[in-house]
Amino acid sequence: MLQNNPLLAQLKQQIQANKTFVEGYVKATDKSYGFLETDKKSYFIPPNAMKKLIHGDKIKAAVETVNDKEQVEPEQLIEPMLTRFIARVHINKENKMQLKVDHPNIKPFIACHKAKSVEQRLVEGDWVVANLKTHPLRDDRFFFAQIEQFICHADDHFAPWWVTLARHEQSRYPVNGQTAYPEIEQYPRQDLTALHFVTIDSESTQDMDDALYIEPTYNAEQQQTGWKLVVAIADPTAYIALDSQIEQDAKQRCFTNYLPGFNIPMLPRELADDLCSLVPQQNRNALVCYIYTDLQGNLNNEPEFVSAIVQSKAKLAYNKVSDYLEKQPEHWQPEEENSKQQIDWLYQFTLARTQWRQQHALLFKEKPDYSFVLAENGKIEQINAQYRRIANQIVEESMIIANICAAQYLDTKVKCGIFNTHSGFDKKYLANVQQFLLNQLANEENRPQLSERYSAENLTTLTGYCRMRHDIEPLASDYLEYRLRRFLTFAEFKSENAPHFGLGLTGYATWTSPIRKYCDMVNHRLIKACIHQQPYQIPEQKVFDRLQEARRQNRLVERDIADWLYSLYFVDKVSEQQEYQGEIMDISRGGLRVLLIDSGASVFVPASTIHDNKEEISINNDEIAFYIQEQQRYKLADKVKIKLLEVKPETRSIIGQIVE
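Given the structure is predicted, the values throughout are model-derived calculations rather than measurements.

Side note on the overall build of the protein chain
Right, so step 1: When you go through the protein chain residue by residue, the secondary structure sums to 16 helices and 30 strands.
Right, so step 2: With the principal axes as the frame, the protein chain shows a C-alpha extent of 105 × 70 × 55 Å.
Right, so step 3: The burial tally for the protein chain puts 49% of its 660 residues in the buried class.
Right, so step 4: Look at the contacts in the protein chain between residues 6 or more apart in sequence, and 66% of them connect residues 24 or more apart.

Digging into the packing of aromatic side chains
Right, so step 1: Counted according to the given criterion, the structure contains 21 aromatic pairs.
Right, so step 2: Measuring from centroid to centroid gives 5.1 Å for F305 and W511, while their planes differ by 75°, and the two rings are edge-to-face. Residue F305 is found in strand β18 (residues 304-317), and its partner W511 is found in the loop between β22 (492-494) and α15 (518-531); the two are separated by 206 residues along the sequence.
Right, so step 3: When its relative accessible area of 5% is taken as the criterion, F305 is described as buried.
Right, so step 4: A ring pair is formed by Y324 and W332, whose centres lie 6.5 Å apart and whose planes are at 85°; its orientation type is edge-to-face.

A word on the sheet that holds strand β27 (residues 625-628)
Right, so step 1: The strand order across the open sheet built from three strands is β26-β27-β28, with neighbouring strands paired in antiparallel fashion. Whereas interior strands pair on both sides, the edge strands pair on one side only; in this sheet they are β26 (617-620) and β28 (631-635). Across this sheet, the average inter-strand angle for adjacent strands is 30°, counted without regard to direction.
Right, so step 2: Bridge analysis of β27 against β28 gives four bridges, and the strand direction is antiparallel. In the sheet register, I628 faces β28, and the bridge partner there is Q631.

Regarding the packing of helix α7 (residues 318-325) against helix α8 (residues 337-360)
Right, so step 1: At their nearest, the axes of α7 and α8 sit 11 Å apart, and the two run at 75° to each other. With respect to their mutual orientation, α7 and α8 come out roughly perpendicular. Note on element contacts: α8 touches α7 through K340, I343, D344 and Y347, opposite V321, Y324 and L325.
Right, so step 2: When its residues are assigned to classes, the contact of α7 with α8 shows five nonpolar, no polar and two charged.

What to know about the side chain of N257
Right, so step 1: Turning to its location among the elements, N257 is positioned in strand β15 (residues 257-259).
Right, so step 2: A relative accessible area of 7% places N257 in the buried class.
Right, so step 3: Of note is the side chain of N257, whose polar atom sits 2.6 Å from the side chain of Q170.
Right, so step 4: Setting aside residues up to four positions removed in sequence, N257 forms contacts with L165, Q170, F262, N263, I264, N554 and V557.

Things to note about the nonpolar core
Right, so step 1: Ranked by internal contacts, the top residues of the largest apolar core, which has 79 residues, are V231, V288, V310 and W511.
Right, so step 2: Considering each element in turn, this core owes the most residues, 13 residues, to helix α9 (residues 390-414).
Right, so step 3: In this structure V310 touches L192, T193, F197, A232, L278, Q282, N283, R284, A286 and V288, once residues within four positions along its chain are discounted.
Right, so step 4: F487, I587, V605 and I654 belong to the second-largest nonpolar core, a separate cluster that totals 70 residues.

Topic: the sheet that holds strand β10 (residues 144-152)
Right, so step 1: Judged by pairing direction, the barrel is mixed, and its five strands sit side by side in the order β6-β7-β8-β10-β9 before closing back on the first. Strand-to-strand twist in this sheet, taken as the mean axis angle between neighbours without regard to direction, amounts to 55°.
Right, so step 2: Inspection of the sheet shows strand β8 (residues 109-114) paired to β10 by four bridges, in the parallel sense. Residue A111 lies in a different strand from β10, and its bridge partner there is F144.
Right, so step 3: The sheet contacts of helix α4 (residues 159-167) involve β6 (84-91), β9 (127-134) and β10, and relative to β10 the element is tilted by about 130°.

Comments concerning the pairing of strand β12 (residues 197-201)
A regular strand places its side chains so that they alternate between the two faces of the sheet.
Right, so step 1: Buried residues dominate β12, accounting for five of its five residues.
Right, so step 2: Burial along β12 is two-sided: F197, T199 and D201 and V198 and I200, pointing in opposite directions, are all buried.
Right, so step 3: As defined by bridge partners, β12 adjoins β18 across five bridges and the pair is classed as parallel. Bridge pairing in β18 links D201 to A317.

Here's the deal with the environment of L565
Right, so step 1: Within the element layout of this structure, L565 appears in helix α16 (residues 541-570).
Right, so step 2: Here L565 falls in the buried class, since its relative accessible area comes to 1%.
Right, so step 3: The spacing of L565 and P649 is 84 residues in sequence and 8.4 Å in space, taken between C-alpha atoms.
Right, so step 4: With near-sequence residues (within four places) excluded, L565 lies in contact with P160, W161, P260, F372 and I380.

Points about the side chain of R483
Right, so step 1: Relative to the assigned elements, R483 resides in helix α14 (residues 479-485).
Right, so step 2: Those residues within four positions of R483 in sequence are excluded, and the remaining contacts are F436, N621, D622, E623, I624 and L636.

What to know about α15
Right, so step 1: Across its 14 residues, α15 extends 20 Å between first and last C-alpha, which sits within 8% of the 20 Å expected from 1.5 Å per residue.
Right, so step 2: Burial of α15 is extensive: 12 of the 14 residues sit out of reach of the surface.
Right, so step 3: Three or more residues of α15 are buried, namely Y518, C519, D520, M521, V522, N523, H524, R525, L526, I527, K528 and A529.
Right, so step 4: Looking at the residues trailing α15, positive phi occurs at Q533, about 55°.

Description of the environment of R167
Right, so step 1: Among the structural elements, R167 can be located in helix α4.
Right, so step 2: When the C-alpha atoms of R167 and D369 are compared, they prove to be 25 Å apart, with 202 residues separating the residues in sequence.
Right, so step 3: In contact with R167, not counting residues within four places along its chain, are R84, I86, D102, D560 and R652.

So, the pattern of salt bridges
Right, so step 1: Counted under the stated rule, the structure contains 42 salt bridges.
Right, so step 2: Note that R269 and D273 form a salt bridge whose closest N and O atoms lie 3.6 Å from each other. Note that R269 and D273 are positioned in helix α6 (residues 269-275) at a spacing of four residues, about one turn of the helix.
Right, so step 3: For D273, a relative accessible area of 21% translates into the label partly exposed.
Right, so step 4: The residue K413 makes a salt bridge to E302 at a minimum N-O spacing of 3.7 Å. Placement of K413 in helix α9 and of E302 in the loop between β17 (283-294) and β18 is noted, with a sequence separation of 111 residues between them.
Right, so step 5: One network of salt bridges, with partners in common, ties together E183, E185, R189, D235 and K528.

Let's talk about α9
Right, so step 1: A rise of 1.5 Å per residue sets the reference length of α9, with its 25 residues, at 36 Å; its end C-alpha atoms lie 34 Å apart and thus fit the reference within 8%.
Right, so step 2: With 19 of 25 residues buried, α9 lies mostly within the body of the structure.
Right, so step 3: Count one or two residues on from α9 and you reach K415, which has phi positive near 75°.

Things to note about the UniProt feature "domain: S1 motif" (unreviewed entry) in the protein chain
Right, so step 1: The sites that carry the UniProt feature "domain: S1 motif" (unreviewed entry) are, in the present numbering, residues 577-659.
Right, so step 2: Between the C-alpha atoms that bound residues 577-659 the distance is 11 Å, and the span itself is 0% helix and 60% strand.

Procedures and definitions
- Throughout this document, residue positions are counted from 1 along each chain, in the order its sequence is written.
- Under the rules for a predicted model, residues below a pLDDT of 70 receive no local features and side-chain atom pairs below 80 are neither given nor counted, while totals for whole chains, interfaces and linings still include all residues.
- Side-chain measures here rest on the full set of heavy atoms in the structure, leaving out hydrogens and waters.
- Helix and strand assignments come from DSSP, with helices taken as H or I runs of at least 4 residues and strands as E runs of at least 2, each series counted from the N terminus.
- Each residue gets one of three labels from its accessible area relative to the maximum for its type: buried under 20%, exposed over 50%, partly exposed in between, using a 1.4 Å probe on protein chains only.
- Working rule for contacts: check all heavy atoms of both residues, and any pair within 4.5 Å makes them a contact.
- Each aromatic pair joins two rings of Phe, Tyr and Trp (for Trp, the six-membered one) with centres within 6.5 Å, and gets the label stacked for planes under 30 degrees apart, edge-to-face for over 60, and tilted for any other angle.
- Think of it this way: DSSP has to see at least two bridges between two strands before they count as a pair.
- Every axis in this analysis is a line fitted to C-alpha atoms, fitted for helices over the stretch in contact. Angles between the N-to-C directions lie between 0 and 180 degrees.
- Any angle that falls under 35 degrees is termed roughly parallel, while one over 145 is termed roughly antiparallel, one within 65 to 115 roughly perpendicular, and all others oblique.
- Note that Gly is not counted as nonpolar here; it falls among the polar residues with everything else outside the nonpolar set of Ala, Val, Leu, Ile, Met, Phe, Trp, Tyr, Cys and Pro and the charged set of Asp, Glu, Lys and Arg.
- Pairing of N or O atoms within 3.5 Å defines a polar contact, subject to two protein rules: one partner must be a possible hydrogen donor and the other a possible acceptor, and residues neighboring in sequence count only if both atoms are side-chain atoms.
- Working definition of a nonpolar core: buried Ala, Val, Leu, Ile, Met, Phe, Trp, Tyr and Cys residues. They are joined through side-chain atoms within 4.5 Å.
- A helix is expected to span 1.5 Å for every residue after the first.
- Salt bridges, as used here, are contacts in which a Lys or Arg side-chain nitrogen is within 4 Å of a carboxyl oxygen on Asp or Glu.
- UniProt positions are given in the numbering used here, feature names are shortened, and annotations may be inferred rather than shown by experiment.

This is the structure we're talking about:
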């Protein structure tokens, strides 16, 4: 009778209409209660209400006043925190299976069952992928999940790799190959096997996709006028049909995934490491570019692309070539005179090109790469900081000029391609950039001149941007570099040629790593079609979208695995109380984020370890600086000494404090 009472229904509508509703995200605490964070304020969520919620849920809630204090009652789930998620198996006292979500702020166990497709017997600590099936606020039931995929057992030493790849929905397996790889292209190829090509890579590299040959050019009086560089790039598209499964898999993966200890290739290993790899003394199909420069490194002729057959004469290693050129004690010597001549000429060419880029473009800021040295079981034995040496620069300069030539060729001859672009500063930050530069570099005398030099109009041009970077280059501090980096846009793939501000170049299109990058495979096909006057397909927008997303995913995978490995490496070192040299990379009210210079590990320094009165702490977001009692204590890029306080592998976090 009461159920259909129109007066009761009307009363409920009136009560509902008089309520105040807010939307926000649930923030759990270490206690049983939580908070709802909205754009304007934070609301208390009582323990009974938190039982219906998970940290990160986006909800609609009614505001109530209880004992003169505001709190909220959840009304509607807008967006759940959990849909597909990573978890560890937990067996409770009743021998029932539950899931512990792999998230530092999600504490409750979730009831679950296995999907029929999961055949493995699961035990305590095993890693799985699950989907949340029911949510109390949406389904009027308790939290319940279904295990969809087994990742690895609890004792698997490679869990950091397998779990991270599963989290980002990337395969741990190479692309499936074919039983045979007939050459599908019938293009005529120049025979360049007589040229003394060499490859320079790490000693362990198997997928060698670039080889170099160089010789001086002379005028009629036999005076050297410049260089002819011949860049040979492996040609996997000669064996991969557009309608093949390999093509579809490569288009999805987009890149070879280089992880600590091993890689997951974009192409089948028999292609990447064997048939297409430019191994020494073996004839290989290649796409070749002839590049001509003067002695100062200026391009002085149009590049010429040809389909060819090449043969690498020597596999050289970065460290050995660098030792030879740097004349290290008891250094390695090239076995053949021709290889020695190639190294010497490539070195001279590299010096010229480096000088050219320093004057006409931009050089990279020298920072180390960090590598994990692993035992066979995946245990980290050590972490090395590796700086670019002269042999690395030889390959780098050769690839950069080759990619400049590809952009020129695709732009003028093919009229399309996949171009690597970077538009410099985000336009919404241009006023901030100008003000920051003036604050750092200007005085009363030169301020009007610098105001014009760093105007928004100038900073949005490649010339003006490069001029600004050259202005700050002599300054010793990294502060300007790190601060300006926060105003930049991200690099993009585009179908039309556009400047790459980060490199300081008017055009850039990679084609030098087709074994490892799908965009380079596409550019190969376009260049070869133009060379041989064949029809070609203009890349679709979805290819650019997938490239952008795949690049982002790969960076996240690399970062997440590294964070996990760092935490495992440092967990036993807390008791040693060693001091580490660090550099401040970020500052927030919660504390400092510090990079350990020798290893690349990221350490969080809580503000409470710096000063015990949080009311006296303030953060200047324009300076990225940490203040105590209105006095600047630390700023971005400051060098500090760090001592470890706690390492938590389960949350991949390293906590430290500054040693004054």
